[in-house]
Every structure is written in structure tokens, then in C-alpha cells.
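Overview (structure and organization)
Read off the chains here:
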Amino acid sequence: MENKYKYFKRDISWLSFNYRVLLEALDERLPLYERINFISIYSSNLEEFYKIRVADHKAVASGATESDEESVQSARELVEEINREVNRQLDDRVRIYEQKILPALQKNHIIFYQDSHVEPFHQQFIKDFFKEEIFPYLQPVPVSKDKIVSFLRDNRLYLAIRLYPKEEGKEGEEGEAIEGIEEKESPILESSRPPLYFVMKQPYAKVPRFIELPCHEKNHYLMFVEDIIKANLNLIFPGYDVESCYSIKISRDADILIDDTASSADLVAQLKKKVKKRKIGDVCRFVYDRAMPHDFLDFLVDAFHIHRDELVPGDKHLNLEDLRHLPNPSKSLHSPEKPKPMKLTILDEKESIFNYVARKDLLLYYPYHSFEHFIHFLYEAVHNPETREIMVTQYRVAENSAVINTLIAAAQNGKKVTVFVELKARFDEENNLATAEMMQAAGIKIIYSIPGLKVHAKVALIRRRGLNGEKIPSYAYISTGNFNEKTATLYADCGLFTCRKEIVNDLYNLFRTLQGKEDPKFTTLLVARFNLIPELNRLIDREIALADQGKPARIILKMNALQDPAMIDRLYEASEHGVQTDLIIRGICCLIPDQPYSRNIRITRIVDSFLEHARIWYFGNGGNPKVFMGSPDWMRRNLYRRIEAITPVLDPDLRNSLIEMLTIQLADNQKACRVDAKLQNIFKKRTPGTPAIRAQYTLYNRLCSNNTQHPQRPTSHVPQ
């Protein structure tokens, strides 16, 4: 029987989210360079998407791998649908960049040259800069269909050049820079002069992508390094007429296929070997300047053995993720400072976190609260004589991490330290492995990845015992984000400190499970693959029962992603019974709103200064609300193939604090969008006479107020 429920395709939903990121570049209320940075983020996200998701679909489409979730034909159709949507979005990116960003820069006296033509007062500078700073690092390589062609490196920018030998008697004076290479068909095309083709890698490691030129009058000038190269191609190819030159790049499959059932030792060996091959993976995308003539593109496709379904037309300038490094020469354009992480007044330098948490649970909101409080928590454990053991999970940590350094100090101070290291954290494999080996050398017990599973839980446990053997409180920390000082200033997350015995015991059982020592029983924590799904079903059933009785029934789910069909079906079912449900989903959301079976479900997406990363779940429970926070999204991988941990928030004040945060986000009328049945991002309108609510900044101001008045004791009301 066909399922009456329908779902958005995961990857098309993700593209809708990434398009929402791009839309931030249109917001003229934002500082100009922040708008430019959103174009960079959009482009970087898209690059990783092709390396992982599209590469996976292409492998299925080609028959190289098999999938239980899609056929060869459905994979091909999905890749085509992805490329169509990406091409549509890239058209908008070009429009936003050229028609909005560049004029805004010019209005602020920053002239950003977009081709190889420069004003007369800069031409000598361009020529000299090219000769002195760029030319020594250029290595043009000939391309021929009949010969082995050079290997194009992953995500590196290349210039593809077509030229012709000069006709006898028409030799120009060598050394004069061309004002501009026209990127179109040239009259020099003649059958008597067969074209020659070259590719040339941009010297990214030697020369900045963006070059600041001398100021003129009150204007500042910037230029892409590739445009400087294009303006001087005749110096590279004396004796030739350069007909045209275009940017190209290759994206390669960056996924690492490993034997997931391998032992820890074998897994380490596999990763060491395979991460080195990431840069030489199969081609998943060939991006080219869409102005390139068809015959030029056809030649490159044949020469580099590119499949037609790997072609993705791009802009004149590729790798716009580099825009995050765009120089800001105008002092008037410096962005206002974002909210600075605050230190809690209840945790001044004289206050022990251990002593505070022994009296009351503590909740931190990152990046509004300082991550230094967590570092101080570990530091106290290092120097507390009653600390018996420190246990931590590691998924993604910062380089030169203060967290890791503190754990090493603990081991050197005679404490027992156990760290579970997830080696399969994509793109962090090498960093995690190097960090693990460094910790192991310092005497820390390292537990590596579990075969067949990823451990995504973000938890820490400080086990203590009195010096005379008496029982004293141990401490648990459960977070929605990684133990990473860098992302703690960029991602909006929550972290809970508690010494409640039921949570501490459950967390200890979880660490024993990670060490393979027992089949655990969890009484309070919800742990994926153990008790999480049954408890979620029970909570949803409770709201359905309340709705059937004519009582208020309410669910609010804040997550990064919602994809699991089984859990989406439960939300559809709840909606059909009248349960009012709000989803605050930043990224992938496969649930389709505005359907007969989803009429009571609303989807809100918030994109702002910080990346919304927290997972907070609210169930009305007949007026006695239950609130949970932790690591999992409702993706199949999180619910069934990972170890995830989520905790109920038992302290009434902290529970109300999280409810208030959800309430503020649902009221956002500045950065919140409603996702409709066509995956469009529909900005929420501010009702006349109501205050402007920008959730991230409203929450920050509320936390500042609470920090000086009544720390962590807000009152709130959940909108019905």
C-alpha cells in the first residue's frame, strides 16, 4: 500500500537552506562585508556538498557503488535535478554579486576590477606587479587530446588558455601588456593556424587571491590575481596570439570509504592511508566560466575525460568562498562588533564551578556565554584532589586546543583521563588522529571509533571520590556542540552542567558502553540505539492523547535537520490529531508543510550572524512541559547509526530559560523564514506596531540582563 505521506528530497531541501544563506547577501541592513561573507559561506557549502553528497549519487548512478536507498536511474535523475537547482541559484549569485555587492563597494569608494582591463593610472603597476610577484610562479602546461594531460588538483583554480602562433610579419612588440583578453570568439580563428591549448594553475600559495592597487583620489582599488595574469598573457606566450582565457576547476570525491567493521587498529591504519588520497578522488564536478565557447569546452571535456553530467557552469571568477579574505581598505566599512561572549557574574574568579553546580544546575548559551567556563570546569577537575577520573568524547576539536591541553595537564598531574575519539568525523580525521596520538603519548587512555557506528555525543564526566573514600558529587556536562573553542564563538549551542546522580550514573554507563564493557540501562539520559526512539514515541503519543481529549497539545523541535521518515510520519500523525507543532529547523527538513496531514505543523528557518546548532525539544505534557537538549538531529544516521546523548532539563529555572529561547526564536521577524510546500524561504513579516525581534540579538540582550539581575531565572510563556 502506497504511503499517503510525502517527503522533500533530502538534498533538494539542503539546497533550499543554502539558498537561504545566499539571501543574507541581499540584506542591506547588514554591514557590507558581512553580506560578502555570506556569499563566501554559500560557495563553501556548495563545494563540500558536491564533494560528498553529489559524489555519492554519481557513484550510484555510474554503477560504481550500490545503494539500498536509490537505484541507478533515480540517482541519475537526482543529480540532474540538483544541477538544475544549483544552476538557478548560481544565476542569482551572479546577479547579487554584480548588481548589489559591487555597486555597494563602489558607493563606498572601493573599486573592485572584474576583468583584466584597468585604468591607465594602474597599468604600469599591474605590469610591474605581474613581473615581480606572479610571473616566477607560473607554469603553463600544454594540453592535447592525444597525450597524457596534467592532473588537475582538487578545488584549485586553473586558467584554460587558447592561442595561435603569430603570423609571419605580424610580430608585436614583446613585453607590452594587453589591456584585456576578450572572452569570446576572436577573428584570429583560421584553419591555417590550428589552436594550441594550455592550462596554468594559479599560484595560490605564493600570491594573495586579491591584490590591493594604489589608491587614486579618494578611491581604493582591488583586483583578482587571475585578472592580472590575464592582462599579461602575452608576456608568458611571446610569439603567439592569445585568443581567450577562462577559469576552470575540478571538484573531487572527498568521501573516505573504509571498512566500518574494522578493529580500531585497522581503522587507524586505513584512515592514515586514505585521507592522503582524498585530493585525488574521482571527479564529481568540472566547473567552468559559462562564457567559454562550446568548442573550447568540448576540447577540455575530451582532453581531461570529463563526463557531460559533471559539467557545472560557473561565474567568471570561481571559488568565491575566497571572498571571506577580501581586503577591507576603507576604514568606514569595518563591521560593528558582534555580541562578545560574556562571563557569568555567578562564576567570577572566586567562585568554584564545582561548588555552584553542587547547589544548582548550570546552563550556558554559546557564543553568548564564554566557553572559558567549560575550560575552567576542566581546570578545576585537574587541580581538585578529589578528582578520580575525567572522561570526555571528542568529535571535532580546535587545533592547539585548550581543552586537549587541559586534559594532558590532568594526565601529567596524575589524574586518570579517558577520551573517546571519533576518527570518522568527516574532514577532521587527520586532526582527530594527530590529537589522539598526542594525548596517548601524554598518558591519556584513548578509545577509538566503534566499528559500524559513529559517536556523536558531546559529553564529559568528572568522577570524584572523597580523600577518605566517602561519596561526594561527581559532575556531568552534556552539550549540543563540540568541545571546540573556535566553533564555540561561531555556533549557537547550549551546554548543561549537573551533578544529579541519575544523570551522572547514566553518563558513566554510556562511557562504559563506549569501552564495550556492558549492555547499559539508562534511566534519565536518552541515548540513540538504546532508549531514544521508544521515549520519543511515548512523548508524541502523550501529545496525541491530549489532543484527542480536547486539551492543549504542543510540540516544539529545534534541530539542524529532520530527515527520518519514521519520525516525520509520527509528526504527520500528531498533526492529523490536532497537535500544534513548530519546527525550528536550520538545514535539511524533509517534512512537507501545508498538506492535509501537516496543516498543524509550521517550519521556521533562522539564518543570522551565528550558525544555529542547538538541539532543543519541547513537549507540552499537559501543562507540565518536558524539555530536552543534546546532540542528535532527527536524521536516520543520528537515530539509528550513531551514539547520541540527550538529557531532560530538570531544573525548572533552566527549563524555563530554554522555553524562553524557543519562544524568542518563533517570534523572530527579522531573520526567520517560513519554509513552504515548494521549499521557498518566505520571510516572516513584522506586524505593524509590534517590536522588531532578531532572535540571536534579543536572546543575547536578555542573557545580559539576567546576568546582572537574576541569573538564569527568567519566566516565559509558550505561544499556543
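Calculation rules
Residues numbered from 1 in each chain as written. Predicted model: local features only at pLDDT ≥ 70, side-chain atom pairs only at ≥ 80, totals over all residues. Heavy atoms only, no water. Helix = DSSP H or I, 4+ residues; strand = E, 2+ residues; numbered from the N terminus. Buried < 20%, exposed > 50% of the residue type's maximum accessible area, 1.4 Å probe, protein only. Phe/Tyr/Trp six-rings, centres within 6.5 Å; stacked < 30°, edge-to-face > 60°. Lys NZ or Arg CZ within 6 Å of the ring centre and 35° of its normal. Pairing = 2+ DSSP bridges. 1 Å grid on protein atoms, 1.4 Å probe; cavity = no way out; pocket = protein on both sides within 12 Å on 5 of 7 lines; lining within 4 Å. Points joined across faces, edges and corners; volume = space filled by probe spheres on them. Nonpolar A, V, L, I, M, F, W, Y, C, P; charged D, E, K, R; others polar. Contact = heavy atoms within 4.5 Å. Axes fitted to C-alpha atoms, helices over the stretch in contact; angles between N-to-C directions. Parallel < 35°, antiparallel > 145°, perpendicular 65-115°, else oblique. Left-handed = near helix turned anticlockwise from the far one by under 90°. Salt bridge = Lys/Arg side-chain N within 4 Å of Asp/Glu carboxyl O. Core = buried A, V, L, I, M, F, W, Y, C linked by side-chain atoms within 4.5 Å. pLDDT = per-residue confidence, 0-100.

**Describing the overall build of the protein**
When its secondary structure is counted, the protein shows 18 helices and 28 strands. Burial analysis of the protein (720 residues in total) assigns 59% to the buried set.

**Points about the packing of aromatic side chains**
Evaluation of the coordinates by the stated rule reveals 34 aromatic pairs. Between the aromatic rings of Phe 198 and Phe 237, the centroid separation amounts to 5.0 Å while the plane-to-plane angle is 55 degrees, which identifies the pairing as tilted. Linking Phe 198 in strand 4 (residues 196-201) with Phe 237 in the loop between helix 6 (233-236) and strand 7 (240-252), this pair joins segments that are 39 residues apart in sequence. Ring plane angle 40 degrees and centroid distance 5.9 Å describe the contact between Tyr 477 and Phe 483, whose orientation is recorded as tilted. Phe 483 carries the same exposure label as Tyr 477, and that label is buried. Three or more aromatic residues link up through ring pairs in this structure, and these residues are Phe 354, Tyr 366, Phe 371, Phe 374, Phe 377, Tyr 475, Tyr 477, Phe 483 and Phe 497. The ring centre of Tyr 50 lies 4.4 Å from the NZ or CZ of Arg 285, which sits over that ring.

**A short note on the pairing of strand 7**
Within strand 7, 11 of the 13 residues are buried, which leaves the element mostly enclosed by the surrounding structure. Where strand 3 (residues 158-165) meets strand 7, eight bridges bridge the pair, whose relative direction is antiparallel. Across the sheet, Ala 160 pairs through a bridge with Tyr 246, a residue of strand 7.

**Let's talk about empty space enclosed by the protein**
With the rule as written, the count across this model stands at six cavities of 30 Å³ or more. Taken as a whole, the largest cavity encloses approximately 120 Å³ of empty space. What lines the largest cavity is a set of 14 residues, and nearest its centre among them are Arg 93, Lys 249, Arg 285, Val 287 and Asn 319. Among the secondary structure elements, those contributing two or more residues to the lining of the largest cavity are helix 2 (32-61), helix 3 (72-107), strand 8 (283-289) and strand 9 (311-314). When grouped by side-chain class, the residues that make up the lining of the largest cavity number six nonpolar, three polar and five charged.

**A few points about the sheet that holds strand 23 (residues 615-619)**
With respect to topology, nine strands assemble into an open sheet ordered 18-26-24-23-19-20-21-27-28, the strand pairing being mixed. In the strand order of this sheet, the two ends are held by strand 18 (526-527) and strand 28 (681-683), each with one partner. Across five bridges, strand 23 lies against strand 24 (residues 626-630) in antiparallel orientation. Its bridge partner lying in strand 24, Ile 616 is registered against Met 629. On top of the sheet, helix 1 (residues 10-23) reaches strand 21 (601-606), strand 27 (672-675) and strand 28; it is set at about 40 degrees to strand 28, its chief contact.

**A look at the packing of helix 1 against helix 2**
Direction vectors running N to C along helix 1 and helix 2 enclose 170 degrees, while the axes themselves pass 9 Å from each other. Classified by the angle their axes make, helix 1 and helix 2 are roughly antiparallel. As for how helix 1 packs across helix 2, the hand of that crossing is left-handed. Along the contact surface, helix 1 presents Arg 10, Asp 11, Trp 14, Leu 15, Phe 17, Asn 18, Tyr 19, Val 21 and Leu 22, while helix 2 presents Phe 38, Ile 39, Ile 41, Tyr 42, Asn 45, Leu 46, Phe 49, Arg 53 and His 57.

**Remarks on the pattern of salt bridges**
The full count for this structure, using the stated rule, is 40 salt bridges. Notably, a salt bridge pairs Asp 541 with Arg 570, separated by 2.6 Å at the nearest N-O pair. Of this pair, Asp 541 sits in helix 14 (residues 532-548) while Arg 570 sits in helix 15 (residues 565-576), and the two are 29 residues apart along the sequence. Residue class for Asp 541 comes out partly exposed when judged on its relative accessible area of 39%. You can call Arg 570 buried: its relative accessible area is 13%. Through salt bridges with shared partners, a single ionic network connects Arg 20, Glu 24, Asp 27, Arg 29 and Lys 671.

**Side note on the nonpolar core**
Counting residues in hydrophobic clusters, the biggest one holds 89 residues, and the most contacted among them are Leu 105, Phe 112, Leu 562, Leu 583, Leu 591, Trp 617 and Trp 634. Tallying contributions element by element places helix 2 first for this core, with 11 residues. Once residues within four sequence positions are removed from consideration, Leu 583 is found in contact with Leu 557, Leu 562, Leu 571, Cys 589, Leu 591, Ile 601, Arg 602, Ile 603 and Thr 604. The next biggest cluster of nonpolar side chains, apart from the first, holds 44 residues, and it includes Leu 362, Val 403, Ile 462 and Phe 497.

**Quick notes on the sheet that holds strand 8**
Taking strand neighbours across the sheet as the criterion, the six strands line up as 2-4-3-7-8-9 in an open arrangement whose pairing is mixed. Across the chains shown, the open sheet's two edge strands, defined by having one partner strand only, are strand 2 (141-143) and strand 9. On average, each strand axis in the sheet is inclined to that of its neighbour by 35 degrees, with strand direction left out of account. Strand direction decides the pairing type here: strand 3 and strand 4, joined by six bridges, are antiparallel.

**Some thoughts on the confidence of the model for the protein**
Of all residues in the protein, 89% have pLDDT values of 70 or greater, and the mean over the chain is 88. This stretch, residues 173-187, has a pLDDT under 50; its non-local contacts, to residues over four places away or in other chains, come to 39 contacts. For the stretch residues 711-717, pLDDT sits under 50, and the model shows 21 contacts to residues farther than four places along the chain or on other chains.

**Section: the packing of helix 2 against helix 3**
Where helix 2 meets helix 3, the closest approach of the two axes is 11 Å, and the angle between their N-to-C directions is 165 degrees. Viewed along their axes, helix 2 and helix 3 adopt a mutual orientation that is roughly antiparallel. Seen along the crossing, helix 2 lies across helix 3 with a hand that is left-handed. Across the contact of helix 2 with helix 3, the residue classes tally to 23 nonpolar, four polar and five charged.

**Topic: helix 8 (residues 294-303)**
Because an α-helix packs 3.6 residues into every turn, residues spaced three or four apart end up facing the same way. Along helix 8, the residues classified as buried are Phe 296, Leu 297, Phe 299, Leu 300, Val 301 and Ala 303. Among the structural elements, strand 2, strand 3, strand 4, strand 7, strand 8 and strand 9 are those in contact with the buried residues of helix 8. Of the residues flanking the end of helix 8, it is His 305, one or two places downstream, whose phi is positive at about 55 degrees.

**What to know about the side chain of His 369**
For His 369, the location among the structural elements is in the loop between strand 10 (362-366) and helix 10 (372-383). Not counting chain neighbours up to four residues away, the residues in contact with His 369 comprise Pro 341, Met 342, Leu 344, Leu 363, Leu 364 and Leu 703.

**Quick word on the environment of Phe 129**
Mapped onto the fold, Phe 129 is located in helix 4 (residues 120-134). Owing to a relative accessible area of 17%, Phe 129 belongs among the buried residues under this scheme. Along the backbone, Phe 129 and Ile 211 are 82 residues apart, and their C-alpha atoms lie at a distance of 9.6 Å. In contact with Phe 129, other than residues within four places in its own chain, are Ile 134, Val 207, Ile 211 and Ile 228.

**Details of the side chain of Asn 18**
Positionally, Asn 18 belongs in helix 1. For Asn 18, a relative accessible area of 0% puts it in the buried group. For Asn 18, the contacting residues outside a window of four places in its chain are Tyr 42, Asn 45 and Leu 46.

**Section: the layout of surface pockets**
When its volume is computed, the second largest pocket comes out at roughly 440 Å³. Residue lining of the second largest pocket: 15 residues in total, with Arg 464, Lys 471, Ile 472, Ser 474 and Asn 505 positioned closest to the centre. Contributions of two or more residues to the lining of the second largest pocket are made by strand 15 (458-464) and helix 13 (501-514). Looking at the lining of the second largest pocket element by element, the count peaks at four residues for helix 13.

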